[in-house]
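Per-entry structural report
Take a look at the letters that make up each chain.
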Amino acid sequence: MTTKLFIVPISVALVLGACKSNQSDITSQEVVAKQDTMMKDSAEAFEYVSEQFADLRILRYEVPGFDQLSLQQKELLYYLSEAALCGRDIMWDQNYKFNLTIRKTIDAIAESYKGDVNNEDYKKFMVYAKRVWFSRGIHHHYGSEKFFPELSQEIFAQFISNADASKLPLNAGESVKDFTTRLLPIIYDPKIAPKKVSLDSKKDLILNSAVNFYEGVNQQEAIAFYEKMVDKKDTTPVMIGLNSKLVKENGVIVEKVWKVGGMYTQAIEKIVYWLEKAITVAENAEQKDALQKLVKFYKSGSLKDFDEYNIAWVKDTQSAIDVTNGFIEVYEDPLGKKATFESVVSVRDFEASKRIAMIGANAQWFEDNSTLFPEHKKKNVKGISAKVINAVMESGDAAPSTPIGINLPNNEWIRETHGSKSVNLGNIVEAYEKAAGGSVVNEFYYNDAIKKNVLDYAGLADKLHTDMHEVIGHASGQIEPGIGQPHETLKNYASALEEGRADLVALYYLMDQKLVDLGVMPSLEYGKASYDEYITKGLMVQLSRLKLGDNIEEAHMRNRQMIAKWAFEKGQKENVIEKKVENGKTFFVINDYLKLRVLFGELLKELQRIKSQGDYKAGKALIENYGVKVDLALHKEVLERYTKLSMAPYQGFIQPKLTPVMKDGKIVDVKIEYPKSFTEQMLEYSKNYSFLPAIN
Ligand code: ZN
């Protein structure tokens, strides 16, 4: 599972104060440039911010210590990075079946355009292009709603007709004109595929989701198809349905498996090619074994093989270099079964790993001292391996928007029997911190004392939150016998409930003296700052990501509001969190941090009970009552206040570029560069790593 970030507000923009420029235009280059200059405190300062458009900001990250790695390690990183990029198009196709057609068209236009780049329509086209590249499709990467170009259909059609026709994904014999007529409604018609993932449980989740995981099959049919395959007595169940598309052919429902020789074979063959190269330079026997098993899985498509791979991968704890590569996260499937392609290639940060290792080493203490019912506590918390890594390459579901923490594998029985690996992406978090501004803190927190606390302490507190969310959060608790996997029992609420559970473990311990005693947190003031941040973001700041009138659908956002709102409501009698309105501005102020901690502990116990007993009804009630609905008046206020800050609410990254230096047909070194242009990187990726055909 991955930890998605909400904006980390640090000090830079506080200096800027309230920005005067308004947000109505598309870019805020001026603001970005200003922040950028201010962050250059020394000559060698790395530029973290590249550009900003629509609701997105493009950042860059560095890989510290790359040059100190051995040639073998650099070579391994290069091969794994190539394997990552070769799977890139799979995510595009998974998000929506026409995404690759649209992207190839956009690429063709951008590459062939010879006109004035300052032409207003072309600028609008490029914003759309960059939004599509960012989201890996025509739906918002986070909110999942379809977004639209700001230029007219007629102008878009002109751009297509001016593009190099040989680069357009035309059907055999199809004219550019016919192609355009076929394509534009997919882009412009709000009734066609309005949502990537619908979580509106009143409607058929599959028929109302644009994701390309099911075709000709409705929700009931899909559930029935997979329910037949569940064997409740199986103590080592595979994650049924994880790596396939479910389709109806001649009235019969079949799975199209993603494997060599199956669906996506063109991309998977390339992934395998590079993984096989990586095997030749593996750091040790465990890593080699894991990579070999991953190749076996890609060749067979068997989910048993995937489990074998995951078990081998968990065992590989000594390597400096690691990789996540495969069909991993199930957030994009409304039924929570089918996984998107994702790869994160990384190298360990030995220094920062000490903090996270300290938490991992005390996992049993945290389990024993948590608020869970005794029967839901793990007696032996096994093999939690925790480390801080620096990302070197991210692809698929992990790029350009990236997780900041990863805890895998997702299969519950493997986690319980063999343990799991938890990582915190150190250089990504660092880049967020350096690039972020403190203007959000300035606007949404109540008084100077709280603002100062959040600015001074929330940075480290956030890191600890992520560490604990992944290491002792997801890893904690056990399910009662015969209940089955949470994705089977809690269905569409499983993700939000699980993220909430992991957050609550972190929140509960952020106000525990244990962290101070372990030497990972200087004082409880850090915990208080993290509480202020969680409540203010959960009840207010995160609403800046939604359009007025929309409810919350994304799992992490749901869980955050659920926790914050529940705690606010349950603590009302004792005024634990106070809602204050001053000069028309709302603030949530914590009056009693210790009582809030008790409330977090109570909710944690309940969420674990829901998971342990598979209590769908109670889980649904919690999410629907606290996590979904948005207070319209408050939302309107947040949007107004946020807009004044000129801060894009979503961020993503340009990836580093690895280039081998060859001599006599052999790699003698690998160079790392940090490209500055998002557009150039997207076009380069399309050119070099586009292996899947457009569906026409
Ligand atoms: Zn998580």
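Residues numbered from 1 in each chain as written. Predicted model: local features only at pLDDT ≥ 70, side-chain atom pairs only at ≥ 80, totals over all residues. Heavy atoms only, no water.

1. Quick look at the domain arrangement of the chain
Here is the rule: Per the annotation, domain bounds derive from an automatic or database assignment of domains. Two residues qualify as a contact provided that any one of their heavy atoms is within 4.5 Å of a heavy atom in the partner residue. The term buried area refers to how much accessible surface (probe radius 1.4 Å) is lost by two components on association, counted for both of them together. Here a salt bridge means any side-chain nitrogen of Lys or Arg lying within 4 Å of a carboxyl oxygen belonging to Asp or Glu.
For the chain, the domain assignment lists domain 1 (4–88 + 263–653) and domain 2 (89–195 + 654–688). For domain 1 and domain 2, the distance between their C-alpha centroids amounts to 28 Å. Listed per partner, the contact involves 57 residues of domain 1 and 38 residues of domain 2. Of the roughly 4100 Å² buried between domain 1 and domain 2 on both sides combined, carbon and sulfur atoms contribute 61%. Taken together, the links from domain 1 to domain 2 amount to six salt bridges. The residue Asp-669 makes a salt bridge to Lys-74 at a minimum N-O spacing of 3.1 Å.

2. Details of the sheet that holds strand E4 (residues 214–215)
Within a beta sheet, neighbouring strands are joined by backbone hydrogen bonds and run either parallel or antiparallel to one another. Just so we agree on the cut-off: Think of it this way: DSSP has to see at least two bridges between two strands before they count as a pair. Helix and strand definitions here come from DSSP, where helices need a minimum of 4 consecutive H or I residues and strands a minimum of 2 consecutive E residues; each element is numbered from the N-terminal end. Helix axes are fitted only over the stretch in contact, all axes being lines through C-alpha atoms; the angle between N-to-C directions runs from 0 to 180 degrees.
Read from one edge to the other, the open sheet built from three strands follows the order E4-E5-E6, with strand pairing classed as mixed. The open sheet terminates on both sides in strands that have one partner only, identified here as E4 and strand E6 (252–257). Lying on the sheet, helix H9 (residues 219–227) is in contact with E4, strand E5 (244–249) and E6; it crosses E5 at an angle near 110 degrees.

3. What about helix H5 (residues 99–112)?
What counts, and what does not: Expected span of a helix, by definition, is 1.5 Å for each gap between consecutive residues, and there is one gap fewer than residues. Note on exposure labels: buried denotes an accessible area under 20% of the residue type's maximum, exposed denotes more than 50%, and partly exposed covers the range between, all computed with a 1.4 Å probe on protein chains only.
In a regular helix each residue adds 1.5 Å, so 14 residues correspond to 20 Å; H5 covers 20 Å between its end C-alpha atoms and thus fits that length. Here H5 lies mainly inside the structure; 13 of its 14 residues are buried.

4. Points about the coordination of the zinc ion
Put simply, the test is: Each metal's donors comprise the N, O and S atoms found within 2.8 Å of it (within 3.2 Å for Na, K or Ca). Water is not part of the atom list, so some coordination spheres may appear incomplete.
Coordination of the zinc ion by the protein is provided by His-469 (NE2), His-474 (NE2) and Glu-499 (OE), with metal-donor distances spanning 2.1 Å. For the zinc ion, the donor residues sit on a single chain with the sequence spacing H-x4-H-x24-E. Linking His-474 in the loop between helix H18 (448–473) and helix H19 (486–489) with Glu-499 in helix H20 (residues 494–510), this pair joins segments that are 25 residues apart in sequence. Each member of the pair, His-474 together with Glu-499, is buried.

5. Describing the side chain of Arg-60
The criterion, for reference: His is not counted, nor are the chain ends, whereas Lys and Arg count as positive and Asp and Glu as negative. N or O atoms closer than or at 3.5 Å make up a polar contact, with two conditions inside protein: a donor-capable atom paired with an acceptor-capable one, and, for residues adjacent in sequence, both atoms drawn from side chains.
On the secondary structure map, Arg-60 appears in strand E3 (residues 56–60). We note that Arg-60 is buried and unpaired, the nearest opposite charge coming from Glu-47 at a distance of 5.0 Å. Within polar-contact distance, the side chain of Arg-60 engages the backbone oxygen of Glu-47 at 2.8 Å. Only 2.6 Å separates the side chain of Arg-60 from the backbone oxygen of Tyr-674, close enough to count as a polar contact.

6. Brief notes about the packing of aromatic side chains
Operational definition: Pairs were defined over the aromatic rings of Phe, Tyr and Trp, the Trp ring being its six-membered one, requiring ring centres within 6.5 Å. Orientation was assigned from the angle between planes: stacked under 30 degrees, edge-to-face over 60, tilted for the rest.
For the structure on display, the rule yields 41 aromatic pairs. With centroids separated by 5.4 Å and ring planes inclined at 85 degrees, the aromatic side chains of Phe-46 and Tyr-674 adopt a geometry described as edge-to-face. Here Phe-46 is found in the loop between helix H2 (29–39) and strand E2 (49–53), whereas its partner Tyr-674 is found in the loop between strand E16 (666–673) and helix H27 (678–688), with 628 residues between them in sequence. Tyr-674 gets classed as partly exposed once you look at its relative accessible area, which sits at 23%. Geometrically, the ring pair formed by Trp-258 and Phe-327 is tilted, given 5.0 Å between the ring centres and 55 degrees between the ring planes. Placement of the pair is Trp-258 in the loop between E6 and helix H10 (265–280) and Phe-327 in strand E7 (residues 321–329), with a sequence separation of 69 residues.

7. Looking at the sheet that holds E3
Spatially, three strands are ordered E2-E3-E14 in an open sheet, and the strand pairing comes out mixed. Among the strands making up the open sheet, the edge pair consists of E2 and strand E14 (650–654). Neighbour-to-neighbour, the strand axes of the sheet open up by a mean angle of 25 degrees, direction not taken into account. Alignment of E3 against E14, held across five bridges, turns out to be parallel. In the sheet register, Ile-58 faces E14, and the bridge partner there is Gly-652.

8. Examining the pairing of strand E15 (residues 657–663)
As paired elements, E15 and E16 share seven bridges and run antiparallel to each other. Residue pairing in the sheet places Pro-660 in a bridge with Val-670 of E16.

9. A look at the pattern of salt bridges
One pass over the structure, following the stated rule, counts 42 salt bridges. Between Glu-47 and Lys-676 there is a salt bridge; the shortest N-O distance is 3.8 Å. With a gap of 629 residues between them, Glu-47 in the loop between H2 and E2 and Lys-676 in the loop between E16 and H27 connect regions that are remote in the sequence. Through salt bridges with shared partners, one network takes in Arg-88, Asp-89, Arg-103 and Asp-107.

10. So, the confidence of the model for the chain
What counts is decided by this rule: Known as pLDDT, the predictor's per-residue confidence is scaled from 0 to 100.
Mean pLDDT for the chain: 91, with 93% of residues reaching 70 or above. Across residues 6–43, where pLDDT falls below 50, the model places 86 contacts with residues more than four positions away in sequence or in other chains.

11. Topic: helix H26 (residues 632–643)
For clarity, the cut-off: Working definition: the arc comes from the directions between the helix axis and the C-beta atoms, pointing outward to the latter.
The end-to-end C-alpha separation of H26 is 16 Å, in line with the 16 Å expected for twelve residues at 1.5 Å each. For H26, the complete set of buried residues consists of Leu-634, His-635, Glu-637, Val-638, Arg-641 and Tyr-642. For H26, the buried positions fall inside an angular range of 160 degrees around the axis, keeping them on one side. In H26, those exposed residues whose orientation departs by more than 90 degrees from the buried face are Leu-632 and Ala-633. Turning to H26, the residues buried within the fold contact helix H17 (439–444), helix H22 (524–539) and strand E13 (585–590). Residue Asp-631 occupies the N-cap position of H26, its side-chain oxygen lying 3.1 Å from the main-chain nitrogen of Ala-633.

12. Here's the deal with unusual backbone geometry
The omega torsion across Ala-399 and Pro-400 is 0 degrees, close enough to zero to call that bond cis. One can find Pro-400 in the loop between strand E9 (384–396) and strand E10 (405–408). Note the cis peptide between Leu-408 and Pro-409, where omega equals 0 degrees. Residue Ala-54 is not a glycine yet carries a positive backbone phi of 45 degrees. With phi around 50 degrees, Lys-491 is a residue other than glycine that occupies positive phi space. Counting through the fold element by element, Lys-491 comes out in the loop between H19 and H20.

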